[in-house]
Amino acid sequence: MADISVEANQIPAQLPNVRVAVLGAGKMGGILLQAFLKQNLFAPEQIFATVAHAERAIALSTQWGVDVSTDNLEAARRADLILLGVKPFQVPHLVEQIKPALTTAKTIVSFAASVKTSAIEEAAGLEMAVIRAMPNTPSALGAGAAGLCRGRFVKAEQMELAQRIFETVGRTVVVDEKHMDAVTGLSASGPAYIYIVIEALAEAGVKVGLPRDTATQLAAQTVFGAGKMVLETGYHPALLKDAVTTPAGCTVDGLLELEAGGLRVTLIKAVMRATERAKELAAG
């Protein structure tokens, strides 16, 4: 998502009664904040954000038209919903810093990789709602995928609010926390795997005579279109594959080469290994 500039908006916000703090409005925090504004989920006066440096805070406040500061405690104090956008190793210190502002009426949503809800609950020292999210980088273009899981004290309406937030940048699924490492290995790491697939398809196009820019465009659009077919038709990928594969045609020969090269098994192993690494990081 490109950075947005401040524009007057006379339309009431979709969630006018919720004040939100984005603590760490960096990469993903900034993406979400801009999506909130672009889709009018929250009005600018409902949003409070923090960054590490005062100069950056002034620049972003001017650009976004929201209150951006370096004061995490004050931002948390003013908010009903607190988003933790810092790096995983910074989460314990941040929660300790904002602890005086925390109450059981507030909700924390963390998108720090491998940080468990129980760790945040323990750091908060309260029976408060903690939701863990794992979005991915295509969220920047509104095409993200996010896995969400609930902590012990999360109510249905709080979970619905978290889903609403991440639906501003893509699709969401709700899973048990034991599956969050698998979400990391599949959809959070997955764009990197797909970029290799696109790169390989484009290289193949060059090999058989296409100009590189044409091959890259065709490869990327083909991956995009195939994903859209799966999501919008609801058909199993195998059925869609079979629909492309005519008897004695070109596609079946290409599929046989993919199977001989072990593409299917290699992708499965990639997800498994990334999931194992996420578990290792979660274990500390």
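This report concerns the structure included in the present document. Fair warning: this is a prediction, and the values are worked out from it, not measured in the lab. (Residues numbered from 1 in each chain as written. Predicted model: local features only at pLDDT ≥ 70, side-chain atom pairs only at ≥ 80, totals over all residues. Heavy atoms only, no water.)

## Quick look at the packing of aromatic side chains
Centre-to-centre distance and the angle between the planes together describe a pair of aromatic rings.
1) Next: On inspection of all chains with the given rule, the structure shows 2 aromatic pairs.
2) Next: Consider the rings of Phe 36 and Phe 42, whose centres lie 5.1 Å apart with planes at 85°: the pair is edge-to-face.
3) Next: For Phe 36, a relative accessible area of 0% corresponds to the buried category.
4) Next: By relative accessible area, Phe 42 is classed as buried at 1%.
5) Next: Ring plane angle 85° and centroid distance 6.2 Å describe the contact between Phe 111 and Phe 166, whose orientation is recorded as edge-to-face. Of this pair, Phe 111 sits in the loop between β5 (107-110) and α5 (117-124) while Phe 166 sits in helix α6 (residues 156-166); the two residues are 55 residues apart in sequence, bridging distant segments of the chain. Phe 166 shares its class with Phe 111; the two are buried. (Phe/Tyr/Trp six-rings, centres within 6.5 Å; stacked < 30°, edge-to-face > 60°. Buried < 20%, exposed > 50% of the residue type's maximum accessible area, 1.4 Å probe, protein only. Helix = DSSP H or I, 4+ residues; strand = E, 2+ residues; numbered from the N terminus.)

## Observations regarding the environment of Glu 177
1) Next: Residue position: Glu 177 is located in the loop between β8 (170-174) and α7 (180-188).
2) Next: Overall, the relative accessible area of 24% leaves Glu 177 in the partly exposed class.
3) Next: For Glu 177, the residues in contact, after removing those within four places along its chain, are Lys 116, Thr 117, Arg 132 and Cys 149.
4) Next: At 2.6 Å, the side chain of Glu 177 and the side chain of Thr 117 are in polar contact.
5) Next: Side-chain polar atoms of Glu 177 contact the side chain of Arg 132, separated by 3.0 Å. (Contact = heavy atoms within 4.5 Å. Polar contact = N/O pair within 3.5 Å; in protein donor to acceptor, adjacent residues only side chain to side chain.)

## Remarks on the side chain of Thr 168
1) Next: Tracing the sequence through the fold places Thr 168 in the loop between α6 and β8.
2) Next: Of the polar contacts made by the side chain of Thr 168, one reaches the backbone oxygen of Ile 165; its length is 2.5 Å.
3) Next: Here Thr 168 is in contact with Leu 32, Ala 35, Phe 36, Gln 39 and Leu 41, once residues within four sequence places are set aside.

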